[in-house]
Amino acid sequence: MGSDRLLGLCFLAASRLAAQPATPAADHLTLWYRQPATTWNQALPVGNGRLGAMVFGRVAHERIQLNEETLWSGGPYDPVVPGAARSLPEIRRLLFAGDIAKAHDLFGRTMMGKPYEQMKYQSLGDLDLVFPGQDSVTDYRRELDLDQATVRVRYTWRGIRFLREIFASAVDQVIVIRLSADRPGAISFAAELRGTRNDAHSNYGTDYFFMDGVPPDGLRLRGKSTDYLGVAGKLTYEAGLVARTSGGTRAVDYRTLRVTGADTAELVLAAATSFVNYRDVSGDPATFVARTLAAAATRSLAAIQADHLREYRGWFRRVALTLGPATDRDSMPTDRRLAAFATTADPDLAALSYQFGRYLLISSSRPGTEAANLQGIWNDSPNPWWDAKYTININLPMNYWAVESANLAELEQPLDKLVREVAEAGTATAREHWGARGWVVHQNTDLWRSTTPMDGPSWGAWPVGGAWLMTNLYEHYRFSADPADLERIYPLLRDQTRFLLDILVPHPSKGWLVTAPSNSPENFPGWPGNSEFFDEVSGIALTARTMTAGPTMDMQIIREVFAMFDEAATRLGRDTSLLSEVRTARPRLAPNQIGKHGQIQEWLDDWDEIEPEHRHLSPLWGLYPGREITPRTTPALAQAAGVTITRRGVGGCGWSYAWRAGLRARLGDGAAALDQLRGLLTKSSLPNMFSLCGRALQVDGNLGAAAAVGEMLLQSHQGWLDLLPALPPEWSSGRVTGLRARGGFEVDLDWDHGVLRLATIRPTRSGICRIRTSAPLEGRGPKGQFRLNPGPAGVAEFPAEAGAEYTIRPLASPRRPGPR
C-alpha cells in the first residue's frame, strides 16, 4: 500500500483526538463468554478500518487471525468486452417476445464481462502464540468491550491470574497485544507470524509467503497475492511484529520469537500491501511497516492505548442507547443470552446489538480506508463465501444504511470513494455493454472496481447497481443539508441519470418505460414454463431463470434517482435540458402495482414467486430504504407491502431479518419489527453476534439491524421528525442520545410507559424543524418557551437556529397520530 495513503490514515485518526466527548463508560456494552472460540465463526473482532483481527481466546495455543483490507487476489484488470452492446436489440426482442431462454443465453454469450467472475478478498495470516503447560485453567472469561474496542481474555493457572488485551489503533495503525499476570516473571510464550495459502488451488496457485525472525525481538511475514481467473496476482504484502517486555528475556530462534519469564509483554503488529489504488500497485509495504513500527517504538503502550481510546470513542460515544425495563441479563454470557432471547424479553440485548453494529462499522470503515465488504474486513479463508466482495443488490448498500442516523456520517467516505471509482471504471462499461452515456456498475464489484455483469445472467443482468448506490450518497446530503455535499456528488448523479435515461425502453405492449434486460434480485418469476435449467455461463443447474423487463425494484430506484436529480439540478440551476428529459421520462416509468394476493407485484405481470419465502424483498425497496411508499401518502401500497412481507415468511439470511425489521418499522409496527430483530439474533446469528448468511459470517445483517433499530426510534424520510414511530411494547422505557435526522438535526429522546417524555433537538443548520404530533407540544430554546400546535397534516413546526438546543415535551398525554 502507498506510504502517502497510509500516513494520511494516521493523520486523519490523530486529527480527531481533540474532539473526544466525556461520556462515561458503560459496563453493559460487553460481549462475554466462559469458553474460548473453537472455530473462526466464534472469535471476537477488532479493527481500525484497515487492519482487522479475530481473537480466539485459546489458553495454551492462541490464534489471532489477521487481515489487511487491500489484500485481494489478482491485480488491476479490465473485464469490459468492446462492442457487447451490439447484442442488446436482439436480447430485448427475444425478451419481449417471451423467448427468455434465448435472451438469457445471448446475454451470457455476449454481454458478460471477461472473466465471468471477480477477485477474492484474502486472509493475511495468523499470529500464533503458544503458552507452555497452560492446558487446565479456571475463572476463564473472554470478552469484547465495545466502549474500549478491546478484546480481553482472563483466566487463572496455578494460582496466577493472566490477562490478554488486544486492540487495533487507527492513530498508530497497529494491532497491539498486551500480556500480563499478577505474579512477576509469569509470562512465557513462543510466537510465529504464519501466512495463508489457498490449499484448494495449491497445485497451480502463484501466491507465496516467507516467515522470518528479525532478531532480537521481531517477526516478519512477506508474500505475494495469487493469480485468479487469468488475472495476475500483482500485490506484495508485509507484516511485522516487535515485542517489548518488562523483565525476562526475549530471543528469536529462526522464525520463532520466544519470551521467557517476563512480567509483561507487548506485541505491536503493523501490516500493509503494495496497493495504492485500483490501477496502481506500486506501493512499498516494507517501508511503511518499518516506519510504523519505529514510530510506535517511541511511544509507551499507555500513550498508544490512550490515543486509541480517545480516537475510537470520538466515534462510538456519539450515541448512547438504553432500553428498558431493566433486567439482570447482563450477568449472563452472551451466547446463553442470545439463546434465551428467543422466548424472553431482553431490551438491553437489543441495545447491545445496535451498538455492536456501530462498533463493526467503525472498525471496518474509516475515512481513508476501503469500504466495508461482505465480511467487513474479517476473513480467514482464501476462498470466502461470495468472495467477500462488494455485493450491490442489497449487501453493500445495507452496510451503510445506519451510517447517518447512527451519527457516523464521516464513515460514509469509503463508500463515496468506491462509488467514484466504479463510476470512473464504469464509464467504459456503460458505453461498450449498454451503448449508453454515463456509468454503470452491476450487482458486484471488487478491489479492482470491476463493473461488468458477472457470475451469470441470472445475477449480472441488473443495470441499476450504480443507481442504488447513488441513493446512499444522496442520503448523506439529506442528513447534512450541506450544499457542499450536494455539489460534491452532483456530477456522479448527473452521469448516472444519463445512463438510466439511455437504457430505458418502451415496453411494446404496456407502453411504460422499463429496463430490459434486468432481474428482480435474486428471485424467480413463476411465468409459465420457468423451471430448472442448466446455465452455460455458470456451468450449474439453476432453479429457474430470473431475466425480465422492468422489475418493480428497478422502477422504484429509478424514480428515486430521477427525483434526486430533479431536486439537485433545480437547486443548483444546472443541466436544464437533461432535467427536461427526466421530467418527461419519470411519469412514463412502470408504476407500482398490487397483485392478486393483495401484494406489491414484483414484476410487470402478476406472476407468483417460485420461492414464495425468498430472502430478498426487492419489490419493497420503495418502502425501505426508499420513501415512495408510506402509510400516510400511499395507504393501499403500504397495506400491500405488509402483505408482501407476510408472504415472504420469517426465515432467510441475517440481512433478510434486518431488512424486514426496517420495513416493519416504516409501517409503524414496532412489535413486528422487534420480532424480526429477535429472529436475526436467535436464528441467524453466530455466538459472537455476527450476522449469518448460509454458513458465512457477514456484517450486513448487523449493520442493517442497527439501521432498523434507528428507524424504530426516529424517522425523518417524509420531511419531518417522527419521534418513537415504531416503539415495541417491550421497550416501554428508555433513552437515546445522539441520533441524527435528515435536515441537519441531532436528536435525544427520553420515554416512559411507551410515551415520549422529552426530546432534545440540536440543529446543525438554521431552518424550519417539523415534528409529527397529534397534540400540542411545549418547546424551549435560546429565546425562551414556545408552544407547538399541530396543523391539519398532524405536523408542528418552529424556526431552528444552528448551534442552538431545543427541548420539546408533550403538554398532555399525547395520542398517536394517524398513518405516517
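Read on for an overview of the structure. Note that this is a predicted model, so its numbers are computed, not measured.

### Here's the deal with the overall build of the protein chain
Reasoning step 1: For the protein chain, the helix and strand inventory stands at 18 helices and 35 strands.
Reasoning step 2: Taken over C-alpha atoms, the radius of gyration comes to 27 Å for the protein chain, in line with the 28 Å a tight globule of 820 residues would show.
Reasoning step 3: Considering the protein chain as a whole, with its 820 residues, one finds that 64% of them fall into the buried category.
Reasoning step 4: Within the protein chain, contacts between residues separated by at least 24 positions form 71% of all contacts whose residues are at least 6 apart in sequence.
Reasoning step 5: Accessible area for the protein chain stands at about 27400 Å²; split by element, carbon and sulfur atoms hold 51% of it.

### A word on the sheet that holds strand 10 (residues 187-194)
Reasoning step 1: Read from one edge of the open sheet, seven strands run 2-3-4-5-10-15-14, paired in antiparallel fashion. The open sheet terminates on both sides in strands that have one partner only, identified here as strand 2 (44-47) and strand 14 (249-253). Each neighbouring strand pair of the sheet contributes to a mean axis angle of 20°, computed without reference to strand direction.
Reasoning step 2: Of the pairings in the sheet, the one linking strand 14 to strand 15 (residues 256-262) comprises five bridges and is antiparallel in character.

### A few points about the packing of helix 9 (residues 413-434) against helix 11 (residues 465-480)
Reasoning step 1: Taken N-terminus to C-terminus, the directions of helix 9 and helix 11 make an angle of 140°; their axes are 10 Å apart at the nearest point. By the angle between their directions, the pair helix 9 and helix 11 is classed as oblique. Once helix 9 is placed against helix 11, the crossing between them reads as left-handed. Judged by residue contacts, L415, D416, L418 and V419 of helix 9 engage L469, M470, N472 and L473 from helix 11.

### Regarding the side chain of S365
Reasoning step 1: On the secondary structure map, S365 appears in the loop between helix 7 (347-364) and strand 18 (390-391).
Reasoning step 2: A polar contact of 3.0 Å, which involves the side chain of S365, links it to the backbone oxygen of L411.
Reasoning step 3: Those residues within four positions of S365 in sequence are excluded, and the remaining contacts are G49, E370, A372, Y400, L411 and P414.

### Focus: the sheet that holds strand 11 (residues 208-214)
Reasoning step 1: Taken in spatial order, the nine strands line up as 1-6-7-8-9-16-13-12-11 in an open sheet, and their pairing is antiparallel. In this open sheet, the two edge strands, each paired with only one partner strand, are strand 1 (30-33) and strand 11. The average undirected angle you get between the axes of adjacent strands in this sheet is 15°.
Reasoning step 2: The pairing of strand 6 (residues 138-145) with strand 7 (residues 150-157) spans six bridges and is classified as antiparallel. Note on strand 7: the bridge partner recorded for T138 is T156.
Reasoning step 3: Where helix 5 (residues 301-316) meets the sheet, its contacts fall on strand 7, strand 8 (160-169), strand 9 (174-181), strand 13 (236-246) and strand 16 (264-273), and the angle it forms with strand 8 comes to roughly 55°.

### Topic: the packing of helix 7 against helix 18 (residues 700-713)
Reasoning step 1: Between helix 7 and helix 18, the least distance of the axes is 8 Å, while the angle of their chain directions is 130°. The angle between helix 7 and helix 18 falls in the class oblique. As for the relative orientation of helix 7 and helix 18, their crossing is left-handed in sense. Across the interface between the two elements, Y354, F356, G357, L360 and L361 of helix 7 pack against N702, L703, A706, V709 and G710 of helix 18.
Reasoning step 2: Counted by class, the contact of helix 7 with helix 18 contains seven nonpolar, three polar and no charged residues.

Rules of the game
- Residues numbered from 1 in each chain as written.
- Predicted model: local features only at pLDDT ≥ 70, side-chain atom pairs only at ≥ 80, totals over all residues.
- Heavy atoms only, no water.
- Helix = DSSP H or I, 4+ residues; strand = E, 2+ residues; numbered from the N terminus.
- Rg over C-alpha atoms; globule rule 2.2 N^0.38 Å.
- Buried < 20%, exposed > 50% of the residue type's maximum accessible area, 1.4 Å probe, protein only.
- Contact = heavy atoms within 4.5 Å.
- Areas by Shrake-Rupley, 256 points an atom, 1.4 Å probe, with all protein chains shown as cover.
- Pairing = 2+ DSSP bridges.
- Axes fitted to C-alpha atoms, helices over the stretch in contact; angles between N-to-C directions.
- Parallel < 35°, antiparallel > 145°, perpendicular 65-115°, else oblique.
- Left-handed = near helix turned anticlockwise from the far one by under 90°.
- Polar contact = N/O pair within 3.5 Å; in protein donor to acceptor, adjacent residues only side chain to side chain.
- Nonpolar A, V, L, I, M, F, W, Y, C, P; charged D, E, K, R; others polar.

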